[in-house]
Amino acid sequence: MGLKPVGDGGDFADWRNLARGATPTNALPSWVPLDLLDVLASLETGWRKAVAGNAVLHHDLRQDNVLIDAYGAAWICDWNWPCLGASWFDLVLLLATAYADGHDATTLFTQHPTARGVADEQLDAALAALSGFFLTSGGQPAADWSPHLRQHQTWCGEVTLRWLANRRGWAL
């Protein structure tokens, strides 16, 4: 059967759904500027092309899914969503945490070997898609299987949208 491409069976269309009224904007935190919906929807439109590739992706890479052993080797765990895509896409998810901690995530991204040749529009499309997904998911009713999931999703959405805003010179 093999691995499917990232987004196969679903689409990051959250900003587009918000912009056309299919999703109510009250699902978003109050600080999200609604005047950016059309711009975010436009950026999000290019996400699938931007992250296409044949690298195996974790698709949920974050600091709590990485273990460091006694020899300093990193082990990636919790492979719930493996798929195929651009080799740099997992790096975006991981660097969102670095951005939240005050690091220059864009510089770290551009210096990473997997990001070689990635255009600004590709990174921005990925950040738009991720931020829309996380922010609208975080606005859903509490999940009984994970009491802190919505809070985590909202945080991820805020971090990825703020990183995108920083790159684009937007004030949030």
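For the structure given in this document, a descriptive report is provided here.

## Observations regarding a nonpolar patch on the surface
On the surface, Leu3, Val56, Ile76 and Trp79 cluster together into a nonpolar patch covering about 360 Å² of accessible area. For Val56, the position within the fold is in strand β1 (residues 55-57). Its relative accessible area of 52% is what places Val56 among the exposed residues.

## Brief notes about the packing of aromatic side chains
The tally for this structure, following the rule as stated, stands at six aromatic pairs. Here Tyr99 and Trp163 contribute two aromatic rings whose centre-to-centre distance is 6.2 Å and whose plane-to-plane angle is 15°, an arrangement assigned as stacked. Highlighted residues: Tyr99 in helix α4 (residues 89-100) and Trp163 in helix α7 (residues 149-168), separated in sequence by 64 residues. Arg162 extends its terminal NZ or CZ atom over the ring of Trp31, reaching a point 4.5 Å from the ring centre.

## Overview of the nonpolar core
One finds Trp15, Val51, Trp88, Phe89, Val92, Phe109 and Leu164 to be the most contacted residues of the largest nonpolar core, which totals 43 residues. Broken down by secondary-structure element, the contributors of at least two residues to this core are α1 (14-19), α2 (37-45), α3 (47-50), α4, α5 (105-111), α6 (120-138) and α7. Element by element, the count of residues in this core is highest for α6, at nine residues. Here Phe109 is in contact with Trp88, Leu91, Val92, Leu95, Ala115, Val118 and Leu123, once residues within four sequence places are set aside.

Parameters at a glance
- Residues numbered from 1 in each chain as written.
- Predicted model: local features only at pLDDT ≥ 70, side-chain atom pairs only at ≥ 80, totals over all residues.
- Heavy atoms only, no water.
- Patch = residues over 30% accessible without salt bridge, like charges linked within 9 Å, V, L, I, M, F, W, Y side chains within 5 Å.
- Areas by Shrake-Rupley, 256 points an atom, 1.4 Å probe, with all protein chains shown as cover.
- Salt bridge = Lys/Arg side-chain N within 4 Å of Asp/Glu carboxyl O.
- Helix = DSSP H or I, 4+ residues; strand = E, 2+ residues; numbered from the N terminus.
- Buried < 20%, exposed > 50% of the residue type's maximum accessible area, 1.4 Å probe, protein only.
- Phe/Tyr/Trp six-rings, centres within 6.5 Å; stacked < 30°, edge-to-face > 60°.
- Lys NZ or Arg CZ within 6 Å of the ring centre and 35° of its normal.
- Core = buried A, V, L, I, M, F, W, Y, C linked by side-chain atoms within 4.5 Å.
- Contact = heavy atoms within 4.5 Å.

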